[in-house]
Amino acid sequence: MPSLFDPIRVGSIEARNRVFMAPLTRARATREHVPTPIMAEYYGQRAGAGLIISEATGISREGLGWPFAPGIWSEEQVEAWRPVTDAVHARGGKIVCQLWHMGRMVHSSVTGQQPVAPSAIAAPGQAHTYEGKKDYEVPRRLEISEIPRLLDTYERAARNAVAAGFDGVQIHAANGYLIDEFLRDSANHRDDAYGGAPGNRVRLLREVTERVAGTIGAERTAVRLSPNGNSQGTIDSDPLTVFLPAAKILDTLKIAFLELREPGVDGTFGKTEQPKLSPHIRAVFTGPLVLNQDYSPEDAAWALESGAADAIAFGRKFISNPDLVHRLRGRLPLAPDDMKTWYSQEPEGYVDYPAAK
């Protein structure tokens, strides 16, 4: 069976190892959501990953409510992403752009617009804004007549990502954001073609994936799901009934890979009693399967050796260990990260973590 350090092909991408870098919001773009030069240094430092999945990147002004997060809807943003992808490629790495619509997790003080969602149900908790934390707002119900417009924004973002030099895209359909809100019944109370039965709740995921794959090719299109547990107030009462059909659809579409973020009962960044669905999804999704969440090097190796996964995506370990693959291969100590610097706009805690000696 393969190890973490064996190459793997995911769609059209030849990854030199199976240690993937998970998407990590770091808030180093401008207030206008334009990538900055320091981001090229950051991603270039981590190009040893088999594949980098970029931080979540907004597909539209409507869908991007995180302060200082990057977007991919304008030509200015495309031009600013090119040094980032160039830096990764110059070091032999691969990178895909994670396409993000935050749905009801947007705050109008960031976007200037009322958030949209499958149903007019506010998320619990508070949003990050430029003025500090604020309660989430009640979103506007997205009308069926608006779906074509939404699909157009995904198509434009996918085209822009390729123009910016990305090797592909990952559709963010996890973590309580727009597509995940449509998937799970706690946030989707619709009674039309996009709500109710699981087959209807999967519809938006299928249509977005079809549009993106039809635009840049299925071999350059991936998807992220978070099938178990509560993600920012979004949870499903019977997740197997919706995520197994979703996985079957994605298998039929022949996407490049499927990533699952699955917390466990002892999760360090979210935990749940809902069981992981990856064994069930593995049985119906025949493409490369990438697992994510709280994997130690030993757990990751076992997942590959047992056939449970084809690659493992590491998130927080890459924050403070830019040379994570080297450290894992040499069984070197891993450096801790500083949570206070995760979302600052400073170089500290971003590009100043040293490589192992």
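What you see is a predicted model; the values in this text were computed from it and never measured.

Enquirer: Just to check I follow, could you spell out the sheet that holds strand β14 (residues 311–314) for this structure?
Expert: Strands in a sheet are paired, the pairing made by backbone hydrogen bonds, and the direction either parallel or antiparallel. If you trace the eight strands once around the closed barrel, you get β3-β4-β5-β10-β11-β12-β13-β14, paired in parallel fashion. Adjacent strand axes in the sheet meet at a mean angle of 25 degrees, parallel and antiparallel pairs treated alike. The sheet contact formed by strand β11 (residues 221–225) and strand β12 (residues 257–261) spans four bridges and is parallel. Within β12, the residue paired with Val-223 across the bridge is Leu-258. Sitting on the sheet, helix α1 (residues 37–45) is in contact with β3 (19–21), β4 (51–58) and β5 (95–100), with an inclination near 150 degrees to β4.

Enquirer: Any chance you could explain the pairing of β12 here in plain terms?
Expert: Across a regular strand the side chains alternate sides, sitting on one face of the sheet and then on the other. Within β12, five of the five residues are buried, which leaves the element mostly enclosed by the surrounding structure. Alternating positions in β12 separate into two faces, Phe-257, Glu-259 and Arg-261 on one and Leu-258 and Leu-260 on the other, with burial throughout. Of the crossover connections in this fold, the one passing from β11 over helix α8 (residues 240–252) to the parallel β12 is right-handed. As judged from the four bridges shared by β12 and strand β13 (residues 289–292), these two strands associate in the parallel manner. Within β13, the position partnered with Glu-259 by the bridge is Val-290.

Enquirer: I'm lost on unusual backbone geometry in this one. Help?
Expert: One can expect most non-glycine residues to show negative phi and most peptide bonds to be in trans. For Ala-27, which is not a glycine, the phi torsion comes out positive at approximately 55 degrees. Tracing the backbone through its elements, the reader meets Ala-27 in the loop between β3 and α1. Owing to a relative accessible area of 1%, Ala-27 belongs among the buried residues under this scheme. Phi at Lys-254 is positive, roughly 60 degrees, even though this residue is not glycine. Locating Lys-254 in the fold gives a position in the loop between α8 and β12. A residue is classified by how much of its surface remains accessible, and Lys-254, at 56% relative accessible area, is exposed.

Enquirer: Hey, could you run me through the packing of α1 against helix α2 (residues 75–90) in this one?
Expert: What describes two packed helices is the angle between their axes and the distance between those same axes. Across the interface, α1 lies against α2 with an axial gap of 8 Å and an inter-helix angle of 25 degrees. Judged on the interaxial angle alone, α2 and α1 are roughly parallel. For the crossing formed where α1 meets α2, the hand is right-handed. Residues Met-39, Ala-40, Tyr-43 and Gly-44 of α1 form the contact with α2, whose participating residues are Trp-81, Pro-83, Val-84, Ala-87 and Val-88. Looking at side-chain class alone, the contact of α1 with α2 contains eight nonpolar, one polar and no charged residues.

Enquirer: Got a minute to help me understand the packing of aromatic side chains in this structure?
Expert: To describe a pair of aromatic rings, one takes the distance between the centres and the angle between the planes. In the structure shown here, the tally under the stated rule is ten aromatic pairs. Taking 6.5 Å as the distance between ring centres and 55 degrees as the angle between the ring planes, the aromatic pair formed by Tyr-43 and Trp-81 counts as tilted. Of this pair, Tyr-43 sits in helix α1 while Trp-81 sits in helix α2, and the two are 38 residues apart along the sequence. The two residues Tyr-43 and Trp-81 agree in class, both being buried. A ring pair is formed by Phe-68 and Tyr-130, whose centres lie 5.1 Å apart and whose planes are at 85 degrees; its orientation type is edge-to-face. Within this pair, whereas Phe-68 is found in the loop between β4 and α2, its partner Tyr-130 is found in the loop between β7 (126–129) and β8 (132–135), the two being separated by 62 residues in sequence. By relative accessible area, Tyr-130 is classed as buried at 19%. The structure contains a cluster of three or more aromatic residues connected by ring pairs, namely Tyr-42, Tyr-43, Trp-81, Phe-166 and Tyr-350. The aromatic ring of Tyr-130 is capped on one face by Arg-31, whose charged end is 3.9 Å from the ring centroid. Here Arg-203 stacks its cationic end above the ring of Tyr-194, 5.7 Å away from the centre of that ring.

Enquirer: Just checking my understanding: could you explain the environment of Val-138 for this structure?
Expert: Assignment of secondary structure puts Val-138 in the loop between β8 and β9 (140–141). Separated by 159 residues in the primary sequence, Val-138 and Pro-297 place their C-alpha atoms 41 Å from one another. Excluding its chain neighbours within four sequence positions, the residues that come into contact with Val-138 are Gln-114, Pro-115, Ala-120 and Ala-122.

Enquirer: What's the story with the packing of helix α4 (residues 147–163) against helix α7 (residues 203–216) in this structure? I'm lost.
Expert: Across the interface, α4 lies against α7 with an axial gap of 9 Å and an inter-helix angle of 40 degrees. One element, α4, and the other, α7, form an angle in the oblique class. Note on packing geometry: the crossing formed by α4 with α7 is right-handed. Of the residues in α7, those touching α4 at Ile-147, Leu-150, Leu-151, Asp-152, Tyr-154, Glu-155, Ala-158, Arg-159 and Val-162 are Leu-204, Glu-207, Val-208, Arg-211, Val-212, Thr-215 and Ile-216. Partitioned by chemical class, the residues of the contact of α4 with α7 number ten nonpolar, one polar and five charged.

Enquirer: I would appreciate a short explanation of the layout of surface pockets in the present structure.
Expert: To find the voids left in a structure, one rolls a probe of water-molecule size over its atoms. In this structure, the second largest pocket spans a volume of roughly 280 Å³. For the second largest pocket, the full set of lining residues is Ser-3, Leu-4, Phe-5, Pro-297, Glu-298, Ala-301, Arg-327, Leu-328, Arg-329, Arg-331, Leu-332 and Leu-334. Listing elements by their share of the lining of the second largest pocket, those giving two or more residues are α10 (297–305) and α12 (324–330).

Enquirer: Explain the pairing of β7 to me, please; I cannot follow it from the model alone.
Expert: As paired strands, β7 and β8 are joined by four bridges and run antiparallel to one another. By the bridge assignment for β8, His-128 is matched with Lys-133. Remark: two residues form the turn of the hairpin made by β7 and β8, two consecutive strands paired antiparallel.

Analysis parameters
- Residues numbered from 1 in each chain as written.
- Predicted model: local features only at pLDDT ≥ 70, side-chain atom pairs only at ≥ 80, totals over all residues.
- Heavy atoms only, no water.
- Pairing = 2+ DSSP bridges.
- Helix = DSSP H or I, 4+ residues; strand = E, 2+ residues; numbered from the N terminus.
- Axes fitted to C-alpha atoms, helices over the stretch in contact; angles between N-to-C directions.
- Contact = heavy atoms within 4.5 Å.
- Buried < 20%, exposed > 50% of the residue type's maximum accessible area, 1.4 Å probe, protein only.
- Right-handed = clockwise from strand over helix to strand, strands pointing away.
- Parallel < 35°, antiparallel > 145°, perpendicular 65-115°, else oblique.
- Left-handed = near helix turned anticlockwise from the far one by under 90°.
- Nonpolar A, V, L, I, M, F, W, Y, C, P; charged D, E, K, R; others polar.
- Phe/Tyr/Trp six-rings, centres within 6.5 Å; stacked < 30°, edge-to-face > 60°.
- Lys NZ or Arg CZ within 6 Å of the ring centre and 35° of its normal.
- 1 Å grid on protein atoms, 1.4 Å probe; cavity = no way out; pocket = protein on both sides within 12 Å on 5 of 7 lines; lining within 4 Å.
- Points joined across faces, edges and corners; volume = space filled by probe spheres on them.

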